[in-house]
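# Remarks on the overall topology
Here is how the chains run, residue by residue.
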Amino acid sequence: MTRPWDSPGELIDHARTLQRFWKPRNDKMDDWYNHYHMNDSDQDAKGAGRQRFYSNEPRTLANVCVNLLSTNPPKLRIALNNEQREERDLISKVERFFYGALNDIDEQRRYRLEQPLQSTMAFNAVVTGWIAGRFVMTNTHEPSPLDHQFYDPYTVFPELGSRGMRSVVQASKMTLGEIADEWGMKIDDEDGMALGINGSED
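Residues numbered from 1 in each chain as written. Predicted model: local features only at pLDDT ≥ 70, side-chain atom pairs only at ≥ 80, totals over all residues. Heavy atoms only, no water.

### Examining helix α7 (residues 176-183)
- Those residues of α7 that sit buried are Leu 176, Gly 177, Ile 179 and Ala 180. All buried residues of α7 project into a common sector of 160 degrees when viewed along the axis, lining one side. Away from its buried face, by an angle of more than 90 degrees, α7 presents the exposed residues Asp 181 and Glu 182.
- Note on α7: the residue one or two positions beyond its end, Gly 184, has a positive phi of about 65 degrees. (Buried < 20%, exposed > 50% of the residue type's maximum accessible area, 1.4 Å probe, protein only. Helix = DSSP H or I, 4+ residues; strand = E, 2+ residues; numbered from the N terminus. Arc of directions from axis to C-beta.)

### So, the confidence of the model for the protein chain
- Put simply, the protein chain has an average pLDDT of 81, and 87% of its residues get 70 or more.
- Contacts for the low-pLDDT stretch residues 196-202, under 50 throughout, to residues beyond four places or in other chains number 14 contacts. (pLDDT = per-residue confidence, 0-100. Contact = heavy atoms within 4.5 Å.)

### Some points on the side chain of Glu 159
- Relative to the helices and strands, Glu 159 resides in strand β3 (residues 156-161).
- Classification of Glu 159 as buried rests on a relative accessible area of 11%.
- Looking at Glu 159, its side chain comes within polar contact range of the side chain of His 14, at 3.4 Å. (Polar contact = N/O pair within 3.5 Å; in protein donor to acceptor, adjacent residues only side chain to side chain.)

### With respect to the pattern of salt bridges
- Scanning the entire structure with this criterion turns up five salt bridges.
- Two residues, Arg 134 and Asp 147, come together in a salt bridge whose shortest N-O distance is 2.9 Å. Separated by 13 residues along the polypeptide, Arg 134 in strand β1 (residues 132-137) and Asp 147 in strand β2 (residues 146-151) bring together distant segments of the chain.
- In this structure Arg 134 comes out as partly exposed when scored by relative accessible area, which is 31%.
- For Asp 147, a relative accessible area of 28% gives the class partly exposed.
- Notably, a salt bridge pairs Glu 159 with Arg 166, separated by 3.5 Å at the nearest N-O pair.
- One salt-bridge network, in which partners are shared between bridges, spans Arg 109, Arg 112 and Glu 114. (Salt bridge = Lys/Arg side-chain N within 4 Å of Asp/Glu carboxyl O.)

### Structural notes on helix α6 (residues 117-127)
- All of the buried residues along α6 are Leu 117, Thr 120, Ala 122, Asn 124 and Val 127.
- Just beyond α6, the residue with positive phi is Gly 129, at close to 80 degrees.

### A look at the packing of aromatic side chains
- Evaluated as defined, the whole model comprises five aromatic pairs.
- With a centroid separation of 5.5 Å and an interplanar angle of 85 degrees, the aromatic rings of Tyr 36 and Phe 123 are classed as edge-to-face. Placement of Tyr 36 in helix α2 (residues 23-36) and of Phe 123 in helix α6 is noted, with a sequence separation of 87 residues between them.
- On the accessibility criterion, Tyr 36 (11% relative accessible area) is buried.
- Owing to a relative accessible area of 26%, Phe 123 belongs among the partly exposed residues under this scheme.
- A connected cluster of aromatic rings, assembled from ring pairs, spans Phe 21, Trp 22 and Trp 130.
- The lysine or arginine in question, Arg 59, covers the ring of Tyr 36, its NZ or CZ lying 4.5 Å from the ring centre. (Phe/Tyr/Trp six-rings, centres within 6.5 Å; stacked < 30°, edge-to-face > 60°. Lys NZ or Arg CZ within 6 Å of the ring centre and 35° of its normal.)

Quick look at the structure:
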C-alpha cells in the first residue's frame, strides 16, 4: 500500500516513529549479534584479577543451523489437480521459472560480491529471526527482469495494519551525492535542507 506524504519531514517523522516502535526488537537483535560474535558485556565488566569465561557455543550452533539451511538446494513441487496435459505444462513452466529466478538472483549477487541468496536468508533467519528483502519484476532485461535487494533486518521497520503490512521503512546512511546518483536526481540546496541534509552536490 502506498502512503501519501505531504513533505519529506512527514516521512522522516514516520520513519523515526517506526524506529522507536521496533527498538525492543533491535535491542534483542543486538543481544543475539553479541552472542554470535562472542561479546559478553557481563564478562567484560568483571574487574581486574577476576576470571572471565566466554563461550563459542552460540556461534557454533548458529553456524551449524546456517550450514544445514544453506547447503540443501531448494525444491518446488506443485501438486497436480488432474492429469491433463495443459495443467502439467503450466506447472512445469512455473517450476522452471522458479529455479531460473533463483539462478538469476545468485548470478546478480556474484556480480555484487555478495553471498548467495540461500546463505543470506539462512544467516538472517538464524541470527536475527527475520528475513527482509525486495523483489520486483521489471520490463527491462538490463541486467535482469527480476530486480532484488536483501537488507539487514536490523534496518527494516514495517508498519502493520488490520489487513497486514501497510508500509515499510528501510534506513541506511547515504551521502547527498549517493542519493542523487541512486535515483537520478539533481538536489539543490533547498531540497537538501528539506531532507535534513546540509550542502549541495550536482
